[in-house]
Amino acid sequence: MSNASQYGDLATQLLVESRRSTATNTLLKYNDVLVRSIVREQRDLEARLDAAFKRTNPPEHDDEDPDATLDQEKRAEGERYMPTVLLYQTAILRNKRCLLAYHHHRLEFLKDLYWSVGGALPLLLSLSPAQGDAQAVLGAGAGGSGSAGAAPQDIRSKLSPHEVDFLRSYAASLLTLRTEAFSSASMAGAGHGLTEDI
């Protein structure tokens, strides 16, 4: 981390990117470099926080210290580092919130894209840029709003491997839910009484 930047600048860049994605209604490529830089900044901040905590907590003595003023001086010296501890802790928490907001935004966008293609995960992951543009034109011509409903971009290349895994587990969970819901409805004989009454 360079001395010219402030703590949280990288996280702010990540939020600006997320906001840009929302404003343009497109899924931008996953910014792995920036996310890793923020994680490195987190580790650096946590190391600095640990060092500051060690300075604020003087070592405890089991035996009585005859000179009480020495202990008071140590406590006063430790209290001088408390604003530093607060600064580091605030920066750590802000970075965590920004990372969570970025990933939450992306996952919600991916869920919307999943439903926009009718819950067809292979279709969503196999869209090439040309196919996505054709679908966007068809969706706009059919009265579509041009939102995430048409999946107008090459999605797979913009996802991290973890996001692809998320989409697969999301689709599998929904399939399990639908299977259980329909099998329990068919076992209960739903709809059977309706045809007998007619």
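Computed from a predicted model, the values in this text were never measured in an experiment.

What's the story with the packing of helix α1 (residues 9-24) against helix α4 (residues 82-116) in this structure? I'm lost.
The description of two packed helices rests on the angle between their axes and on the distance between the axes. Contact geometry of α1 with α4 gives a least axis separation of 9 Å together with a crossing angle of 25 degrees. The orientation of α1 relative to α4 falls into the category roughly parallel. Our pair here, α1 against α4, has a crossing hand that is left-handed. Only Arg94, Asn95, Cys98, Leu99, Ala101, Tyr102 and His105 of α4 make contact with α1, whose side of the interface consists of Ala11, Thr12, Leu14, Leu15, Glu17, Ser18, Ser21 and Thr22.

What should I look at first to understand empty space enclosed by the protein in this one?
In this approach, a probe sized like a water molecule rolls over the atoms, and the result shows the empty space that is left. Inspection of the entire model under this criterion finds one cavity of 30 Å³ or more. Counted as a void, the largest cavity has a volume near 40 Å³. Lining the largest cavity are Glu17, Ser18, Ser21, Leu27, Leu28, Tyr102, His105 and Arg106. A class-by-class count of the residues in the lining of the largest cavity yields three nonpolar, three polar and two charged.

How should the packing of aromatic side chains be read in this particular structure?
Aromatic rings considered in pairs are described by the distance between their centres and by the relative angle of their planes. With the rule as written, the count across this model stands at five aromatic pairs. A centroid spacing of 5.3 Å and a plane angle of 85 degrees characterise the contact between Tyr114 and Trp115, whose relative ring orientation is edge-to-face. Here Tyr114 falls in the buried class, since its relative accessible area comes to 1%. Both rings, one in Phe166 and one in Tyr170, keep their centres 5.7 Å apart while their planes meet at 20 degrees; by these two values the pair is stacked. Residue Phe166 and its partner Tyr170 are both found in helix α7 (residues 161-187); the two are separated by four residues, about one turn of the helix. Overall, the relative accessible area of 18% leaves Tyr170 in the buried class. Taken together, the aromatic side chains of Tyr114, Trp115, Phe166 and Tyr170 make up a single cluster linked through ring pairs.

Rules and cut-offs
- Residues numbered from 1 in each chain as written.
- Predicted model: local features only at pLDDT ≥ 70, side-chain atom pairs only at ≥ 80, totals over all residues.
- Heavy atoms only, no water.
- Axes fitted to C-alpha atoms, helices over the stretch in contact; angles between N-to-C directions.
- Helix = DSSP H or I, 4+ residues; strand = E, 2+ residues; numbered from the N terminus.
- Parallel < 35°, antiparallel > 145°, perpendicular 65-115°, else oblique.
- Left-handed = near helix turned anticlockwise from the far one by under 90°.
- Contact = heavy atoms within 4.5 Å.
- 1 Å grid on protein atoms, 1.4 Å probe; cavity = no way out; pocket = protein on both sides within 12 Å on 5 of 7 lines; lining within 4 Å.
- Points joined across faces, edges and corners; volume = space filled by probe spheres on them.
- Nonpolar A, V, L, I, M, F, W, Y, C, P; charged D, E, K, R; others polar.
- Phe/Tyr/Trp six-rings, centres within 6.5 Å; stacked < 30°, edge-to-face > 60°.
- Buried < 20%, exposed > 50% of the residue type's maximum accessible area, 1.4 Å probe, protein only.

This is a description of form; function is not addressed.
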